[in-house]
Amino acid sequence: SQRSNEQAGLDAVLLDRQFDKHNFKVVRRINIRPYTAFGYSLNDSLRQPRTFFEKAGNALHVRTSRTRIRQVLTFRPGDILQPQDLSESERLLRQTPELLDARVLVNERTSTADSVDLEVLTTDVFSLTGGAELSNATAGRVTLGDQNFLGFGHQIDNAYTYGRNLTP
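Residues numbered from 1 in each chain as written. Predicted model: local features only at pLDDT ≥ 70, side-chain atom pairs only at ≥ 80, totals over all residues. Heavy atoms only, no water.

Chemist: Tell me about the overall build of the protein chain, and name the residues and values.
Modeler: Regarding its fold elements, the protein chain presents four helices and six strands. Helices and strands appear in the protein chain in the N-to-C order α-β-α-α-α-β-β-β-β-β. Looking at the 168 residues of the protein chain, the share that counts as buried comes to 35%. Within the protein chain, contacts between residues separated by at least 24 positions form 57% of all contacts whose residues are at least 6 apart in sequence. Looking at the protein chain as shown, the accessible area adds up to about 10900 Å², and 54% of this sits on carbon and sulfur atoms. (Helix = DSSP H or I, 4+ residues; strand = E, 2+ residues; numbered from the N terminus. Buried < 20%, exposed > 50% of the residue type's maximum accessible area, 1.4 Å probe, protein only. Contact = heavy atoms within 4.5 Å. Areas by Shrake-Rupley, 256 points an atom, 1.4 Å probe, with all protein chains shown as cover.)

Shown next as structure tokens:
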């Protein structure tokens, strides 16, 4: 276990150093690509939803808005890219409850000597929740919720109680 921690620490240092040559360049463009909850992988760009369940889940899911993702980033177009901006933005994106994973990368093909284009890739958490509680044939409770309402990170929880003598 200690060896894996050492390896993880080494990888974190290497990741921070990977984009050192882009520090203090002007952020020209930020391309935000949010992916829905099922069937996509940030490690495999060719992975697509294949099964019926992945496609059905994505049809029910509202993708996190680019505006919500942009709110979390530590930089804007026109800013000077600071040394920890990329890794800090990635960490902050991963801490939001509506996102499962995030990557903030430099687009090496379009970067120049004094400016940089950034790619922000995210995958969502499936945010719809629901439940049913039956106390008998004529009484119960139905709950529905969304932890990422309309893709803006707002949380909504609703409950409907019907019948008699149902304790909340």
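There is more to say after this.
Chemist: Which residues make up the pairing of strand β6 (residues 154-162), and what values do they have?
Modeler: Where strand β5 (residues 139-149) and β6 come together, eight bridges link them in antiparallel fashion. Among the inter-strand pairings, L144 is bridged to a residue of β6, identified as N158. (Pairing = 2+ DSSP bridges.)

Chemist: Help me get a handle on helix α2 (residues 52-60), residues and values and all.
Modeler: Every buried residue of α2 is accounted for by E54, G57 and N58. In a view along the axis of α2, the buried residues occupy a sector of 100°, so they form one face of it. Turned more than 90 degrees off the buried face of α2, the exposed positions are F52, F53, A59 and L60. (Arc of directions from axis to C-beta.)

Chemist: Describe in detail helix α4 (residues 85-95), supporting the description with residues and values.
Modeler: Buried within α4 are the following residues: D85, L86, S89, E90 and L93. Angular distribution of buried residues about the axis of α4 spans 130°; they occupy a single face of the element. The secondary structure elements touched by the buried residues of α4 are α3 (66-72), β2 (99-106) and β3 (115-124).

Chemist: Explain the side chain of H61 to me, using residue names and the numbers behind them.
Modeler: As for its position among the elements, H61 is in the loop between α2 and α3. Judged by its relative accessible area of 6%, H61 is buried. Polar side-chain contacts of H61 include one of 2.9 Å to the side chain of D124. With sequence-adjacent residues up to four places away left out, H61 is seen in contact with T36, A37, D124, V125, F126 and S127. (Polar contact = N/O pair within 3.5 Å; in protein donor to acceptor, adjacent residues only side chain to side chain.)

Chemist: Run through the pattern of salt bridges, naming residues and quoting values.
Modeler: Under the counting rule described, the total for this entry stands at eight salt bridges. One salt bridge connects R94 with E90, and the closest N-O pair in it is separated by 3.0 Å. Placement of the pair is R94 and E90 together in helix α4, with a separation of four residues, close to one helical turn. Overall, the relative accessible area of 15% leaves E90 in the buried class. Salt-bridge contacts for D101 lead to R103; the nearest nitrogen and oxygen are separated by 3.0 Å. (Salt bridge = Lys/Arg side-chain N within 4 Å of Asp/Glu carboxyl O.)

Chemist: Mind laying out the pairing of β2, listing which residues take part and the relevant values?
Modeler: The two faces of the sheet receive side chains in turn, since in a regular strand these alternate between them. Buried residues dominate β2, accounting for six of its eight residues. Pairing analysis gives seven bridges linking β2 to β3, with the strands arranged antiparallel. The residue bridging R103 from the neighbouring strand is L121, located in β3.

Chemist: Break down the sheet that holds β6 for me, with residues and values.
Modeler: Taken in spatial order, the three strands line up as β4-β5-β6 in an open sheet, and their pairing is antiparallel. Both outer strands of the open sheet, β4 (128-136) and β6, are each paired with one neighbouring strand and no more. Taking the axes of each pair of neighbouring strands and ignoring which way they run, one obtains an average angle of 10° across the sheet. The sheet contact formed by β4 and β5 spans eight bridges and is antiparallel. What sits directly across from L128, in β5, is D146. (Axes fitted to C-alpha atoms, helices over the stretch in contact; angles between N-to-C directions.)

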